[in-house]
Amino acid sequence: QVQLVESGGGLVQPGGSLRLSCAVSGPIRSIYSMGWYRQAPGKQRELVATISSGGTTTYADSVKGRFTISRDNAKNTVFLQMNSLKPEDTAVYYCKVILMLLASPPNTFWGQGTQVTVSS
């Protein structure tokens with residue numbers, strides 16, 4: 001059974017920083033893409049950043065230059081370093097991974113979400 005455990009969310013003032021982590025465990029053969037999405041109240045879930053198995057990254061325009069996604073393949077963990085946070089970054093942040101289990105084709109898994117609130 002695959003588990004995605006997210007951590008690092010919380011309340012921060014505008015201009016502050018947070019670092020999110022998402023640790024993946026289970027009978028994993030290989031992990032392909034890892035990424036972060038967010039959903040603010042009343043809005044659709046949107047892509048924040050992704051990172052491929054080879055380290056290629058993509059970012060939403062709204063976070064470019066402020067957020068950095070990275071991954072530790074040895075620990076099956078993806079990180080999101082968020083700097084210069086703004087109130088509009090307030091949302092529930094979800095980890096998403098595309099991976100292959102030991103005896104299954106590639107599939108998509110989501111974390112439970114972690115709240116990030118940017119407010120003074």
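Residues numbered from 1 in each chain as written. Predicted model: local features only at pLDDT ≥ 70, side-chain atom pairs only at ≥ 80, totals over all residues. Heavy atoms only, no water.

## Focus: the sheet that holds strand β3 (residues 18-25)
Strand order in the open sheet formed by 4 strands is β1-β3-β8-β7, and the pairing between neighbours is antiparallel. Two strands close off the open sheet at either side, each with one partner strand: β1 (3-7) and β7 (67-72). Averaged over neighbouring strand pairs, the angle between their axes works out to 15 degrees when direction is ignored. In this structure, β3 lies alongside strand β8 (residues 77-82), joined through 6 bridges in antiparallel fashion. Within β8, the residue paired with C22 across the bridge is V78. (Pairing = 2+ DSSP bridges. Helix = DSSP H or I, 4+ residues; strand = E, 2+ residues; numbered from the N terminus. Axes fitted to C-alpha atoms, helices over the stretch in contact; angles between N-to-C directions.)

## Some words on the pattern of salt bridges
All told, the structure shown has 4 salt bridges when counted by the stated rule. Here E46 and R38 are joined by a salt bridge, their closest N and O atoms 2.7 Å apart. The exposure class of E46 is partly exposed, given its relative accessible area of 38%. Within this structure, R38, E46, R66 and D89 form a network of salt bridges that share partners. (Salt bridge = Lys/Arg side-chain N within 4 Å of Asp/Glu carboxyl O. Buried < 20%, exposed > 50% of the residue type's maximum accessible area, 1.4 Å probe, protein only.)

## What to know about the environment of G10
Relative to the assigned elements, G10 resides in strand β2 (residues 10-12). Sequence separation between G10 and Q115 is 105 residues; the distance between their C-alpha atoms is 6.1 Å.

## Let's talk about unusual backbone geometry
Trans peptide bonds make up most of the peptide bonds, and negative phi angles are found at most residues other than glycine. One non-glycine residue, N76, adopts positive backbone phi at about 50 degrees. Tracing the sequence through the fold places N76 in the loop between β7 and β8. What makes N76 partly exposed here is its relative accessible area of 24%.

## Section: the state of the cysteines
Considering all chains together, one arrives at 1 disulfide under this definition. Disulfide pairing is shown between C22 and C95; the S-S distance is 2.2 Å. With the S-S bond torsion at -80 degrees, the cross-link from C22 to C95 turns out left-handed. With a gap of 73 residues between them, C22 in strand β3 and C95 in strand β9 (residues 91-101) connect regions that are remote in the sequence. For C95, a relative accessible area of 0% corresponds to the buried category. (Disulfide = S-S within 2.5 Å.)

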